[in-house]
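Listed here are the chains, written in short residue letters.
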Amino acid sequence: MADATWTAVDEYVAGLLAPHDEVLEAALRDSEDAGLPAIQVSPAQGKLLYLLAKSIGAEQILEFGTLGGYSTIWLGRALPAGGRLITLEAEPCNAEVAARNIARAGLVDLVDLRVGPALDRLPQLEAEGAGPFDLTFIDADKIHTPDYFAWALDHSRPGSLIVSDNVVRFGRLADPDSDDPSIPAQRRLHEMLAAEPRVEATTIQTVGAMGYDGFNIALVRA
Ligand SMILES: C[S@@+](CC[C@H](N)C(=O)[O-])C[C@H]1O[C@@H](n2cnc3c(N)ncnc32)[C@H](O)[C@@H]1O
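Rules used throughout
Residues numbered from 1 in each chain as written. Predicted model: local features only at pLDDT ≥ 70, side-chain atom pairs only at ≥ 80, totals over all residues. Heavy atoms only, no water. Helix = DSSP H or I, 4+ residues; strand = E, 2+ residues; numbered from the N terminus. Rg over C-alpha atoms; globule rule 2.2 N^0.38 Å. Buried < 20%, exposed > 50% of the residue type's maximum accessible area, 1.4 Å probe, protein only. Areas by Shrake-Rupley, 256 points an atom, 1.4 Å probe, with all protein chains shown as cover. Near = heavy atom within 4 Å. Polar contact = N/O pair within 3.5 Å; in protein donor to acceptor, adjacent residues only side chain to side chain. Nonpolar A, V, L, I, M, F, W, Y, C, P; charged D, E, K, R; others polar. Axes fitted to C-alpha atoms, helices over the stretch in contact; angles between N-to-C directions. Parallel < 35°, antiparallel > 145°, perpendicular 65-115°, else oblique. Contact = heavy atoms within 4.5 Å. Pairing = 2+ DSSP bridges.

Engineer: Any chance you could explain the overall build of the protein here in plain terms?
Structural biologist: When its secondary structure is counted, the protein shows eight helices and seven strands. Relative to a compact globule of 222 residues, whose C-alpha radius of gyration would be 17 Å, the protein shows 17 Å and is just as compact. For the C-alpha atoms alone, the extent of the protein along its principal axes is close to 45 × 45 × 30 Å. Counting across all 222 residues of the protein, residues that qualify as buried make up 48%. With the model as given, the accessible surface of the protein reaches about 10400 Å², and the carbon-plus-sulfur share is 56%.

So, in structure tokens, the structure goes:
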């Protein structure tokens, strides 16, 4: 459960620094109307993704987990003309909502939405020679975060960023005996990161309207 103070601060910050426009509001409204769960990133996190992509001049972005396209819109808005964002979504009904939201955002030329379980879609991306990706955002089924990370790392370049969301899970990350099925995967991700000479990484705990969680950010070494 989100603490009322965390929510109030999230709303205060978002109101000033990550304000919604009609397109983002409509994306959330249509997602809710279609029955999608409200598990998208917060406005402040969306703005962070946008800032990260802008700060490295990202032209090629990969996203695991589209839902209704909310984070896709934040990331897509950071792309220059001619850039490309490939976003992978398992559920066709989610993808339908996302496609409409992406179109409303005027991002059809930049966003390539692929439908199906991400691990099944990756061989096709490989065959197409997709990447290297300047930024990857991992936010799909949490048990596969380490698999998505490994693939993203192999399809990155020096200086690329890989951001993995929901790695702290109410603090369960620190509990090796947690009964949360996603925790072994999040711990495996951290062990991979610690042993991986190609990246430098850290995890930041977050609180806000979505509760207590956190994200990992990895920089691919030069
Ligand atoms: C947390 S939501 C993504 C939220 C979105 N990134 C945002 O912030 O607006 C996770 C999404 O991953 C999708 N998903 C679950 N398993 C998947 C898989 N194996 N491959 C691709 N997408 C998957 C779910 O259907 C859901 O839409």
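On we go from here.
Engineer: Sorry, what's going on with the site of the ligand here?
Structural biologist: Around the ligand, 22 residues are found, and the nearest of them are G65, S71, E89, A118 and D139. For the ligand, a nitrogen atom lies 3.1 Å from a polar atom in the backbone of A90. Between A118 and the ligand, the recorded distance is 2.8 Å, taken from a backbone N or O atom to a nitrogen atom. The fraction of the free accessible surface of the ligand (600 Å²) that becomes covered by protein chains is 89%. Those elements that provide at least two residues to the shell around the ligand are α4 (70-76) and β2 (84-89). Across the shell around the ligand, the residue classes tally to 11 nonpolar, six polar and five charged.

Engineer: Just checking my understanding: could you explain the packing of helix α6 (residues 118-128) against helix α7 (residues 145-154) for this structure?
Structural biologist: In a pair of packed helices, the angle between the axes and the distance between the axes together describe the arrangement. Running from N to C, α6 and α7 cross one another at 10 degrees; their axes reach a closest spacing of 11 Å. What the angle tells us is that α6 and α7 run roughly parallel. Residues A118, L119, L122, L125 and E126 of α6 touch α7, and the partners they reach there are D147, Y148 and W151.

Engineer: Quick question: what am I supposed to make of the pairing of strand β3 (residues 111-115) here?
Structural biologist: Side chains on a regular strand alternate between the two faces of the sheet. When β2 meets β3, the two strands line up parallel, connected through five bridges. Paired with L88 across the strands is R114, a residue of β3.

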